[in-house]
Amino acid sequence: IRMVLIGPPGAGKGTQAPNLKEKFCACHLATGDMLRSQVSKKTALGLEAKKIMDQGGLVSDDIMINMIKDELSNNKECSNGFILDGFPRTIPQAEKLDEMLKLSEKPLQSAVELKIDDELLVSRITGRLVHPASGRSYHKIFNPPKVELTDDITGEPLVQRSDDNEEALKKRLGNYHKQTEPIVDYYKKTGIWSGIDASQKPSTVWKDILKCLGQ
Ligand code: AP5
Ligand code: ZN
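Residues numbered from 1 in each chain as written. Chains lettered and ligands numbered in written order. Predicted model: local features only at pLDDT ≥ 70, side-chain atom pairs only at ≥ 80, totals over all residues. Heavy atoms only, no water.

Here we take up the UniProt feature "domain: Adenylate kinase active site lid" (unreviewed entry) in the chain. On the UniProt side, "domain: Adenylate kinase active site lid" (unreviewed entry) is annotated at positions that read residues 128–163 here. Summarising residues 128–163: 0% helix, 17% strand, and an end-to-end C-alpha distance of 11 Å. (UniProt positions renumbered as here; feature names shortened; annotations may be inferred. Helix = DSSP H or I, 4+ residues; strand = E, 2+ residues; numbered from the N terminus.)

Moving on, we come to the state of the cysteines. Taken as a whole and assessed by the stated rule, the structure comprises one disulfide. Between the sulfur atoms of C27 and its disulfide partner C78 the distance amounts to 2.3 Å. Judged by the sign of its S-S torsion, about 100°, the cystine formed by C27 and C78 is right-handed. Separated by 51 residues along the polypeptide, C27 in strand β2 (residues 27–30) and C78 in the loop between α4 (61–74) and β3 (82–85) bring together distant segments of the chain. Using a relative accessible area of 7% as the deciding quantity, one classes C78 as buried. (Disulfide = S-S within 2.5 Å. Buried < 20%, exposed > 50% of the residue type's maximum accessible area, 1.4 Å probe, protein only.)

Under the present numbering, the feature "binding site: AMP" (unreviewed entry) in UniProt falls on T31, R36, G57, L58, V59, G86, F87, P88, R89, Q93, R161 and R172. Maximum C-alpha separation among the annotated residues is 24.6 Å over a sequence range of 142 residues, too wide for a single clustered spot. Of the annotated positions mentioned, G86, F87, P88 and R89 line the largest cavity. Within the secondary structure, Q93 is located in helix α5 (residues 91–103). When sequence neighbours within four positions are dropped, the list of residues in contact with Q93 reads D61, M64, I65, F87 and P88. Looking at Q93, its side chain comes within polar contact range of the main-chain nitrogen of R89, at 2.9 Å. Mapping R172 onto the fold places it in helix α7 (residues 166–180). (1 Å grid on protein atoms, 1.4 Å probe; cavity = no way out; pocket = protein on both sides within 12 Å on 5 of 7 lines; lining within 4 Å. Contact = heavy atoms within 4.5 Å. Polar contact = N/O pair within 3.5 Å; in protein donor to acceptor, adjacent residues only side chain to side chain.)

This paragraph deals with the nonpolar core. Proteins that are soluble and globular tend to have nonpolar side chains buried together. Among the nonpolar cores identified, the biggest contains 29 residues, and V4, I6, I68, L84, L97, L108 and Y187 are the most heavily contacted of them. Listing elements by their share of this core, those giving two or more residues are β1 (2–6), β2, α2 (31–41), α3 (44–54), α4, β3, α5 and α8 (182–190). If you look at the next biggest cluster of nonpolar residues, it comprises 22 residues, including A26, I116, L121 and W206. (Core = buried A, V, L, I, M, F, W, Y, C linked by side-chain atoms within 4.5 Å.)

Its 15 residues give α7 an end-to-end C-alpha distance of 20 Å, which sits within 8% of 21 Å, the value for a rise of 1.5 Å per residue. When α7 is considered as a whole, its buried residues turn out to be A168, L169, R172, L173, N175, Y176 and T180. Taken end-on, α7 shows its buried residues confined to a sector of 165°, consistent with a single buried face. For α7, the exposed residues lying more than 90 degrees away from the buried face are E166, E167, K170 and K178. Looking at the buried side of α7, the elements it contacts are β1, α3, β4 (110–115), α6 (121–126), β5 (128–130) and α8. (Expected span 1.5 Å × (residues − 1). Arc of directions from axis to C-beta.)

A few words now on the environment of P9. Inspection of the secondary structure assignment puts P9 in the loop between β1 and α1 (13–24). Each C-alpha atom of the pair P9 and D70 lies 25 Å from the other, and the pair is 61 residues apart in sequence. Ignoring anything within four residues of it in the chain, the contact list for P9 reads L121, I125, L169, R172, L173 and Y176.

On to the environment of S73, then. With respect to the helices, strands and loops of the structure, S73 is situated in helix α4. Here the alpha-carbon distance between S73 and I6, two residues 67 residues apart in the chain, equals 22 Å.

What follows covers the packing of α4 against α5. For the pair α4 and α5, interaxial distance at closest approach is 10 Å and the crossing angle is 30°. Taken together, α4 and α5 sit at an angle that is classed as roughly parallel. Once α4 is placed against α5, the crossing between them reads as right-handed. Taking contact as the criterion, the partners of D61, M64, I65, I68, K69 and L72 in α4 are, on α5, P92, Q93, K96, L97, M100 and L101. (Axes fitted to C-alpha atoms, helices over the stretch in contact; angles between N-to-C directions. Parallel < 35°, antiparallel > 145°, perpendicular 65-115°, else oblique. Left-handed = near helix turned anticlockwise from the far one by under 90°.)

Structure, rendered in structure tokens:
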């Protein structure tokens, strides 16, 4: 499969992507996770990105496009397909992605939009806990780990993301509506868009995603 997951912060992209990865043996490329890994390694890019991410801003198109280009051409897991999560996030990113994929004659097959009202996202974001190394996410109430504050698989500690507060969320949502939502129309025009109600419980959202993909 070659697809993108579109949706505002907290819509469930990172929750559903591992299901897709397993079902289709594809790679899961989450640009937010990639940036956070640069932050924890304290690379020059990471230090620059951290300031922007903590304020709920967007990292530059050039940086993000190069990051995805690199992964798609060098990550062997991606040869079988990919699930993009958090990319593209602007029209220029969407256009560059199409250009890139055209060159390899492997165009995108599906763009699935996780649709949900802003009001439902505050509790999802402020209650989220993540396992930094894998990107797995939990929720204090909606999806608690088996042992409090501990990753189910590795037993390592869970943390709260530094941009998971109401103030940064407001900015992230503003950017989503202004910069990212236009890519929905972009994919509607190319005919690969489908949208689902992401306010339902995770297992129902998953079933709906499969339906969108004709499964
Ligand atoms: P990124 O990490 O992509 O953050 P985001 O887009 O804000 O999305 P989230 O990760 O917050 O939401 P999600 O949809 O994955 O939610 P999740 O499944 O975890 O990006 C972070 C930052 O990096 C950006 O702000 C930007 O600065 C930068 N960046 C990244 N990519 C970029 C790009 N391409 N260009 C420029 N800058 C870029 O779910 C959330 C919570 O809800 C969890 O606790 C989960 O357990 C719970 N939950 C999930 N589904 C349900 C459900 N159905 N019912 C109840 N609870 C649920
Ligand atoms: Zn995510």
